[in-house]
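# Structural overview
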Amino acid sequence: MALWHRLFIHSNHSSHTMKQIFSLLILLTVGTLMSLQAQSFKVIVNNDNAVTSLTKKEASDFFLKKKSKWVTGTAVMPVDLSSSSAVRESFSKQVHGKTTAAIRNFWQQAAFSGAGTAPAEKATDADVLEYVKKNPGAIGYVSAAASTAGVKTVPIK
Amino acid sequence: MYNTTTLSKKWMTLAVAAFCLTPAVAQETEWEAQTRITGYIATEANYFHDLEGTYKQYGVSLSEAGLLTSYQPTSNITIKGVFVYRPDLTIDQMINEANAEWKATSFLNVKVGRFLTPLSPMNTYYYAPVNNSATLPFVISHHEFFPLNMDAVSINGVVGENIRFDYDLFAGGYRNALWLKTGPVGLFGTEDEYYGALEKIGYKLNTSSANQALSFGGGAHAGVSFDEYFTIGANVMLSDKEKASTTFDNPYDPANPFIIDLDVNRIAYGLNFKAKYNNLQLLGEVWKNEMNFKNEAFNLDNDYNVNCSFIEVSNNFGKLIPYVRFEYHDAAGVEYNRYTTGINYKPIFETTLKLEYLYYQHDIKDINGFVASVIYSF
């Protein structure tokens, strides 16, 4: 009986320790993923744009062309990274709350129904930066590590 | 003192300066011409239990293969072409859309060419990858209320952002405003004929003749949307002297029925609504078509009314969308209901799988069957 009791206690104790380690690992993984996601892109606009920050909904509406003008009346010109970009996946999930595939579905439906066309797509951060520099109404996003000299970074609240 | 010539010269100079400066201002935004290509291939299998007549019980076919190209040379001009292969259609019928649209402002767009008739929002889900269901509601698949597309001019636009009003006025030529069969078994679009034959109705409108003649008509759509939560719209389609033909039983020679050409006048009108809460969506439409068929030589003057409605509920779980739809249909007294339920599974953007069960309810005979489709899109 004593042996069984000891084994039971030991087993219970080790199970408890395992649970603690497992919980810690989950917390660490989620924390790392969250911090990676939080830092994976920067939203940028033209230097002449007066906007200082945007909510997720405002940014999403601009990229989905649900809002077509800035408060100044300038036409909004969103630009996306290509659909295979990891930065775009992160942007889609955090700003639109959907996967890039779901956003592509949205644009496919809009294209076939005549409701609208998808934003211009650029292959690299440099191309997005160039587009935003050239167009006063442009809004884009680049990887967090990209230099954003010559454009304005806009925090997403 | 300025004389009128001097004043005119000054105005001319100002006008020329304004004309020259306008492009300079426009050049602040450097528009890059955009070309987009997207397309899909849909393969469909149908199985129906115990169909009467010459229908096959099952079949598999390449049901649709579509290609959409659009070109935007400037920010406010879009040129669009959509080619969709469907079995048995002519090349002309496969050119679903070929149009140019000029957006003067958000509330004034002008579209010219061939485009989907902007009367039912469901008509914009005509293409397989963007339709939740593997089949289209009767309102769209039967073409009894309005044609799928028109060669026409449309003036349309949207006003407002959170509460949006939209309108569309259009007029032009069209074909295929009466029935067009689809699906490997050929039942979809011909249900009126199928049940008309079961009820031993002594005459039937010929589907093929109705798709040949070029008719003229026009219509209007007006709608209001409250953010993304609720949309309601009203629609009307009018046309004068469409051409069709009808077949009457010949009691003296049943093998050679009478075929009589008809002039068709119509007014079709309907309401559509959509309600959305999170990922749950409710769609519905109610339509009535008042048609009149005439042939003065045979002293024919018949009314032919069609009533149709549907309601569809779906929930988007991301990759999986289950849906349920109920439809009511009454074509000049040939009445039936259809219950549809299915799932749309899209594991990746490029691939969609649909599996659907259909149950037709009719006084003489019920039909049930399955539709499965695989769609590859890019």
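Residues numbered from 1 in each chain as written. Chains lettered and ligands numbered in written order. Predicted model: local features only at pLDDT ≥ 70, side-chain atom pairs only at ≥ 80, totals over all residues. Heavy atoms only, no water.

By the naming in an unreviewed UniProt entry, chain B is Porin, taken from Breznakibacter xylanolyticus.

An unreviewed UniProt entry lists chain A under the name Periplasmic binding family protein, with Breznakibacter xylanolyticus given as the organism.

## Considering the overall build of chain B
Which entries qualify depends on this criterion: Numbering goes from the N terminus for both helices and strands, where a helix is a DSSP run of H or I of at least four residues and a strand is a run of E of at least two. Partly exposed residues are those whose accessible area sits between 20% and 50% of the maximum for their type, while under 20% is buried and over 50% is exposed, using a 1.4 Å probe and protein chains only. In this analysis, two residues are considered to be in contact whenever any of their non-hydrogen atoms come within 4.5 Å of each other.
A count of helices and strands for chain B gives 5 helices and 17 strands. With 378 residues in all, chain B has 45% of them scored as buried. Across chain B, contacts joining residues at least 24 apart in sequence account for 59% of those joining residues at least 6 apart.

## A short note on the interface of chain B and chain A
Worth spelling out the cut-off: Once two parts are brought into contact, the accessible area they lose, counted with a 1.4 Å probe and summed over both, makes up the buried area. The working definition used for a salt bridge is a side-chain nitrogen of Lys or Arg within 4 Å of a carboxyl oxygen of Asp or Glu. Here a polar contact is recorded for every N or O atom pair within 3.5 Å, except that within protein the pair must consist of a potential hydrogen donor and a potential acceptor, and residues adjacent in sequence are included only if both atoms are side-chain atoms.
Each side of the interface is counted separately: chain B has 29 residues, and chain A has 22 residues. Carbon and sulfur atoms make up 49% of the surface buried where chain B meets chain A, a total of about 2,200 Å² over both sides. Among the salt bridges present, the one from Lys134(A) reaches Glu32(B), with a minimum N-O distance of 3.8 Å. The interface formed by chain B and chain A includes 9 residue pairs in polar contact (both at pLDDT 80 or more). At the level of secondary structure, the elements contributing two or more residues to the side of chain B that touches chain A comprise β1 (34-48), β2 (58-74) and β3 (77-85) of chain B. Element by element, the count of residues in the side of chain B that touches chain A is highest for β1(B), at 5 residues.

## Remarks on the side chain of Ser92(A)
Within the fold, Ser92(A) resides in helix α3 (residues 86-96). Excluding residues within four positions of it along the chain, Ser92(A) makes contact with Gly97(A), Lys98(A), Thr99(A), Thr100(A) and Ile103(A).

## Here's the deal with α3(A)
Residues and elements named next belong to chain A. Across the 11 residues of α3, 8 count as buried, placing the element largely inside the fold. Listed as buried for α3 are Val-87, Arg-88, Ser-90, Phe-91, Ser-92, Gln-94, Val-95 and His-96. You can read the cap of α3 off the contacts: a side-chain oxygen lies 3.1 Å from the backbone nitrogen of Val-87, and it is on Ser-85.

## A few points about unusual backbone geometry
Residue and element names in this part refer to chain B. Positive phi values are uncommon outside glycine, yet Asp-50 reaches one of about 60 degrees. Structurally, Asp-50 can be placed in the loop between β1 and β2. Notably, Asn-278 is not glycine yet its phi reads approximately 50 degrees, a positive angle. Tracing the backbone through its elements, the reader meets Asn-278 in the loop between β11 (258-277) and β12 (280-295).

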